[in-house]
Amino acid sequence: MRPEVLLRPWLIAVLCCAAVAVGACLTLAVPTADTTYLVLDASVGLSYPAVGALIVSRRRRNAVGLLFLLGGAGLSAQALAGGYAAYGQVHGWPGAEVAAWVVNWVFFTGFGPLLLLPLLLPDERPPSPRWRPVLLTLVAGMAVIQVLLMFRDRIWLWGAEVPSPIGFVPTDSVAGPVFAVWVAAAAIAGAAAMVVRVRAAEQRRLLLPVLASVVAISLAMVADQVLPPDPPIGAWLQAVTLPLFPAATAVAIFRYRLFDIEVLLRRTAVYAVVTGILLAAYLVTVTTVGTFLHSGGVFGPLAATAVVAVAFAPLRDAVQRAVGRLLFGSRGDPAAALSMLGQRLEMSADPTRLLDGAAETVAGALRLPAVAVLGVDGSPVCVKGSVPADGLRLPLAVGGRQEGELWVAPRSPGEALSAADLTVLGDLARQLAVALAAVRLAGEVQASRERLVVAREEERRRLRRDLHDGLGPGLVAIGVRLDLIEALVPSGAPPPLRTSVSEVGQLTRDLVADVRRVVHDLRPPALDELGLGGALEDLALDAEGGTAVTVLLPEPLPDLPAATEVAAYRIAQEALANALRHAGAERVEITARVTDGELVLRVGDDGHGLPPRFREGVGSVSMRERAAELGGRLHRTSAPGTGTIVEAVLPL
């Protein structure tokens with residue numbers, strides 16, 4: 001886009017500011033003028049054109065940006081015409097009466113279009129085709145009101161009214177009521193349209209600040225039409241609320257890229273700040289030199305010019321860096337970006353969740369709208385925002401092995417990432433690749449651990465079954481036969497024979513006892529005999545000390561893996577023992593249920609709870625380890641005087 005095209009909207013914004021400034025100076029020079037509506041003109045004339053210029057500079061024919069410019073221009077023109085008319089009538093300037101007549105209708109040239117903005121923001125279209133008749137009706141009404149205001153029978157100028165020499169439309173019975181109805185209808189329609197748009201938007205936060213400002217403006221507009229004109233509360237409310245709309249739009253532009261004008265904003269911000277600081281430095285230098293030298297010669301301006309010339313380059317660089325940090329994050333400081341990522345990785349206590357929040361950190365470090373870290377299978381590990389398919393993809397590899405990909409979205413469509421961005425992203429990608437490999441290895445270790453635990457418990461169950469059903473009964477049968485042989489030995493048999501048979505029988509009974517002990521240690525017998533539900537009820541029946549222990553099973557438990565049964569039983573056993581021995585509980589409730597492929601075991605008591613400085617003992621550590629071995633988790637909550645709740649979630 002040519003530079004002169006970029007400057008045109010900004011020229012309009014500057015002219016609006018100048019018109020407001022001139023009009024305010026002229027009006028304030030007339031002591032009898034009422035400045036209430038001048039404040040309203042200034043609040044709109046200084047805010048709306050700036051946002052409109054931002055939008056139109058990027059999108060030349062954007063209807064929203066043009067309406068922002070038109071809205072500010074209309075009220076700026078009223079401020080200028082009002083100031084000229086008020087001051088000119090006192091000092092006999094030519095055309096003062098015409099300027100007073102212009103005041104009565106030129107404001108609506110801007111006031112009407114700005115009330116249509118909520119129906120068209122942000123895509124230049126109504127929220128749906130059903131809103132088109134509403135928009136067309138408001139536009140037609142705006143044209144009618146414009147004509148009525150031009151030919152109404154009175155001329156208003158800063159609180160004073162005189163008959164209009166060309167007016168014939170009654171103000172009180174026609175122009176005033178029609179204007180009030182249209183303004184209220186436009187305000188309510190704009191708020192309703194914005195509500196509909198926000199409810200249907202994929203990213204509601206993008207338009208939430210705009211919605212809040214539109215609702216505030218609508219209430220102010222309705223209040224202005226309902227409340228009496230003296231005091232002008234409605235005008236004051238409008239002066240306060242109308243600038244909220246361009247401010248909210250600017251927030252959406254800066255934070256949520258509403259119109260994709262970040263590059264323009266960066267350059268504008270840099271040169272606006274530099275210009276303001278240098279202008280202030282110039283004025284301060286001229287004033288200071290003039291004060292000390294007591295002369296107004298050319299030395300002061302020359303010294304100020306020299307100061308500005310010397311300070312321009314370093315000041316521009318400093319402002320460029322500040323704005324760059326605001327818009328582009330730490331791309332100019334790779335060490336800061338790496339430090340942020342390192343701090344985020346250090347915060348994770350669980351190796352399998354090492355990358356939680358890493359995408360958000362990368363996005364924040366470089367001010368990117370969306371970042372995603374994907375595993376080698378394409379599954380998302382962590383995501384910030386919504387990464388488009390055409391975003392930049394960086395491979396994440398360690399030791400020649402592909403660990404995944406880093407996807408990043410450009411700051412705005414069509415804006416390529418710079419070489420500095422790519423350099424920082426490359427550094428971050430190497431750290432992310434190492435972290436991703438660590439997450440993969442931690443996951444593999446955890447999965448291997450779970451398989452070992454499951455295999456161990458399944459093997460124990462098999463061994464217990466074999467010992468209980470095979471070796472144990474065989475040894476018992478041998479013992480019975482030995483007892484029978486001992487009983488059949490003749491009384492006259494040699495003593496060594498009788499002694500040997502008795503010793504073998506005792507050895508057999510000892511072996512049976514050893515087998516029973518081994519069977520019991522391999523796996524709690526109640527699990528195989530009663531299942532987990534019955535085993536928990538058996539625990540409750542064995543409770544001592546007069547404590548009421550209740551077992552609740554909302555639904556019958558299905559067949560569970562051996563490892564899950566043992567872990568749940570041992571955790572319940574330890575939690576119950578803690579409640580009976582240490583908590584002084586009168587009631588304990590054990591609940592077990594299967595939900596979403598997980599066994600949820602909950603043991604709650606009404607004891608005195610854990611002390612403030614509680615240190616976990618061997619039993620508490622064993623409960624956590626049993627849950628962690630299966631990839632589950634254990635939570636314990638307690639408050640003094642409210643009891644303790646132990647909840648274990650074990651995957652099936």
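Remember, it's a predicted structure, so these values are computed and weren't measured experimentally.

Peer 1: What exactly am I supposed to notice about the overall build of the protein chain here?
Peer 2: When helices and strands are tallied, the protein chain shows 18 helices and 11 strands. A burial count over the protein chain gives 44% of its 652 residues as buried. When contacts within the protein chain are restricted to residue pairs at least 6 apart in sequence, those whose partners lie at least 24 apart make up 68%. Of the accessible surface of the protein chain, which amounts to about 33500 Å², a share of 63% is contributed by carbon and sulfur atoms.

Peer 1: Teacher, can you tell me more about the packing of helix α3 (residues 63-91) against helix α4 (residues 96-120) here?
Peer 2: Two numbers describe a pair of packed helices, the interaxial angle and the distance between the axes. Close contact between α3 and α4 brings their axes to 7 Å; oriented N to C, the two are set at 160°. As judged from the angle between their axes, α3 and α4 are roughly antiparallel. Note that α3 runs across α4; the crossing there is left-handed.

Peer 1: What's the story with the packing of aromatic side chains in this structure? I'm lost.
Peer 2: The relation between two aromatic rings is expressed through the spacing of the ring centres and the mutual angle of the planes. Counted according to the given criterion, the structure contains 15 aromatic pairs. An angle of 75° between the planes, with centres 6.3 Å apart, marks the rings of Phe-107 and Phe-108 as edge-to-face. Phe-108 sits in the buried class, given a relative accessible area of 1%.

Peer 1: In this structure, what is going on with the pairing of strand β6 (residues 401-408)? I would like to understand it.
Peer 2: A regular strand places its side chains so that they alternate between the two faces of the sheet. Pairing of strand β3 (residues 371-375) with β6, which is carried by 5 bridges, proceeds in the antiparallel orientation. Pairing of Leu-374 across the sheet is with Glu-405, part of β6. The pairing of strand β5 (residues 392-398) with β6 spans 7 bridges and is classified as antiparallel. Bridging from a neighbouring strand, Leu-394 pairs with Leu-406 of β6. The antiparallel pairing of β5 with β6 creates a hairpin that spans 2 residues between the two strands, and Gly-399 there sits at a positive phi of about 60°.

Peer 1: Help me understand the pattern of salt bridges in this model?
Peer 2: Any two side chains of opposite charge can pair, given that their charged atoms come close. Summed over the entire model, instances satisfying the criterion amount to 4 salt bridges. Taking the shortest distance from any N to any O, the salt bridge between Arg-154 and Asp-172 comes out at 2.6 Å. Note that Arg-154 is positioned in strand β1 (residues 154-157) and Asp-172 in helix α6 (residues 171-200), a separation of 18 residues in sequence. You can call Asp-172 exposed: its relative accessible area is 59%. As a salt-bridge pair, Arg-633 and Glu-598 come within 3.6 Å of each other at their nearest N and O atoms. Highlighted residues: Arg-633 in strand β10 (residues 633-638) and Glu-598 in strand β9 (residues 598-605), separated in sequence by 35 residues. The exposure class assigned to Arg-633 is partly exposed, which follows from its relative accessible area of 40%. A single network of salt bridges, built from pairs that share partners, joins Arg-152, Arg-154, Glu-161 and Asp-172.

Peer 1: Just to check I follow, could you spell out the confidence of the model for the protein chain for this structure?
Peer 2: Keep in mind that low pLDDT regions are not for reading the predicted coordinates in detail. Across the protein chain, the average pLDDT comes to 76, with 75% of residues at 70 or higher. Across residues 1-6 the pLDDT falls below 50, and counting only partners more than four positions away or on other chains, this stretch makes 6 contacts in the model.

Peer 1: Explanation requested: the sheet that holds strand β4 (residues 380-384) in the structure shown.
Peer 2: Across a sheet, paired strands are connected by hydrogen bonds in the backbone, their directions being either parallel or antiparallel. As summarised here, the arrangement of the 4 strands in space is β4-β3-β6-β5, forming an open sheet in which the pairing is antiparallel. A strand with exactly one partner marks an edge of an open sheet, and here the two such strands are β4 and β5. Here the average twist between neighbouring strands, direction ignored, is 15°. Here helix α13 (residues 358-366) sits on the sheet in contact with β3 and β4, set at roughly 35° to β4.

Peer 1: Explain the packing of α4 against helix α5 (residues 132-150) here, please?
Peer 2: Taken N-terminus to C-terminus, the directions of α4 and α5 make an angle of 170°; their axes are 9 Å apart at the nearest point. Classified by the angle their axes make, α4 and α5 are roughly antiparallel. Across the interface between the two elements, Trp-101, Asn-104, Trp-105, Phe-107, Phe-108, Thr-109, Gly-112, Pro-113, Leu-116, Leu-119 and Leu-120 from α4 touch Val-134, Leu-135, Leu-138, Val-139, Met-142, Ile-145, Gln-146, Leu-149 and Met-150 from α5. Residues that form the contact of α4 with α5 fall into these classes: 16 nonpolar, 4 polar and no charged.

Peer 1: Teacher, can you tell me more about the pairing of strand β7 (residues 548-552) here?
Peer 2: Only one face of β7 is covered, namely the face carrying Val-549 and Val-551; the face carrying Ala-548, Thr-550 and Leu-552 is uncovered. For β7 and strand β8 (residues 587-595), the ladder comprises 5 bridges, and the chain directions are parallel. Opposite Ala-548, over in β8, you have Arg-587 as the bridge partner. Following the chain from β7 across helix α17 (residues 562-581) to the adjacent parallel β8, one finds a crossover that is left-handed.

Peer 1: Explain the environment of Asn-62 here, please?
Peer 2: For Asn-62, the location among the structural elements is in the loop between α2 (36-58) and α3. Note on Asn-62: relative accessible area 2%, which makes it buried. Between the C-alpha atoms of Asn-62 and Gly-52, which are 10 residues apart in sequence, the distance is 9.3 Å. Within the local environment of Asn-62, its side chain forms a polar contact with the backbone nitrogen of Val-64, the two atoms lying 3.0 Å apart.

Peer 1: Would you explain the environment of Leu-652 in this entry?
Peer 2: Among the structural elements, Leu-652 can be located in the segment after β11 (644-651). Considering only alpha carbons, one finds Leu-652 and Gly-632, 20 residues apart in sequence, at a separation of 9.5 Å. Leu-652 has contacts with Leu-560, Pro-561, Thr-564, Val-594, Gly-597, Glu-598 and Leu-599, leaving out every residue within four places of it along the chain.

Peer 1: Is there a simple way to think about the layout of surface pockets in this case?
Peer 2: If a probe the size of a water molecule is rolled over the atoms, the empty space left behind becomes visible. Taken as a whole, the second largest pocket encloses approximately 1000 Å³ of empty space. Lining the second largest pocket are 35 residues, and of these Tyr-37, Trp-156, Phe-179, Asp-224 and Pro-229 sit closest to its centre. Elements represented by at least two residues in the lining of the second largest pocket include exactly α2, α3, α4, β1, α6, α7 (208-226) and α8 (233-241). The greatest single-element share of the lining of the second largest pocket, amounting to 8 residues, is contributed by α6. Grouping the constituent residues of the lining of the second largest pocket by class yields 18 nonpolar, 9 polar and 8 charged.

Conventions used here
Residues numbered from 1 in each chain as written. Predicted model: local features only at pLDDT ≥ 70, side-chain atom pairs only at ≥ 80, totals over all residues. Heavy atoms only, no water. Helix = DSSP H or I, 4+ residues; strand = E, 2+ residues; numbered from the N terminus. Buried < 20%, exposed > 50% of the residue type's maximum accessible area, 1.4 Å probe, protein only. Contact = heavy atoms within 4.5 Å. Areas by Shrake-Rupley, 256 points an atom, 1.4 Å probe, with all protein chains shown as cover. Axes fitted to C-alpha atoms, helices over the stretch in contact; angles between N-to-C directions. Parallel < 35°, antiparallel > 145°, perpendicular 65-115°, else oblique. Left-handed = near helix turned anticlockwise from the far one by under 90°. Phe/Tyr/Trp six-rings, centres within 6.5 Å; stacked < 30°, edge-to-face > 60°. Pairing = 2+ DSSP bridges. Salt bridge = Lys/Arg side-chain N within 4 Å of Asp/Glu carboxyl O. pLDDT = per-residue confidence, 0-100. Nonpolar A, V, L, I, M, F, W, Y, C, P; charged D, E, K, R; others polar. Right-handed = clockwise from strand over helix to strand, strands pointing away. Polar contact = N/O pair within 3.5 Å; in protein donor to acceptor, adjacent residues only side chain to side chain. 1 Å grid on protein atoms, 1.4 Å probe; cavity = no way out; pocket = protein on both sides within 12 Å on 5 of 7 lines; lining within 4 Å. Points joined across faces, edges and corners; volume = space filled by probe spheres on them.

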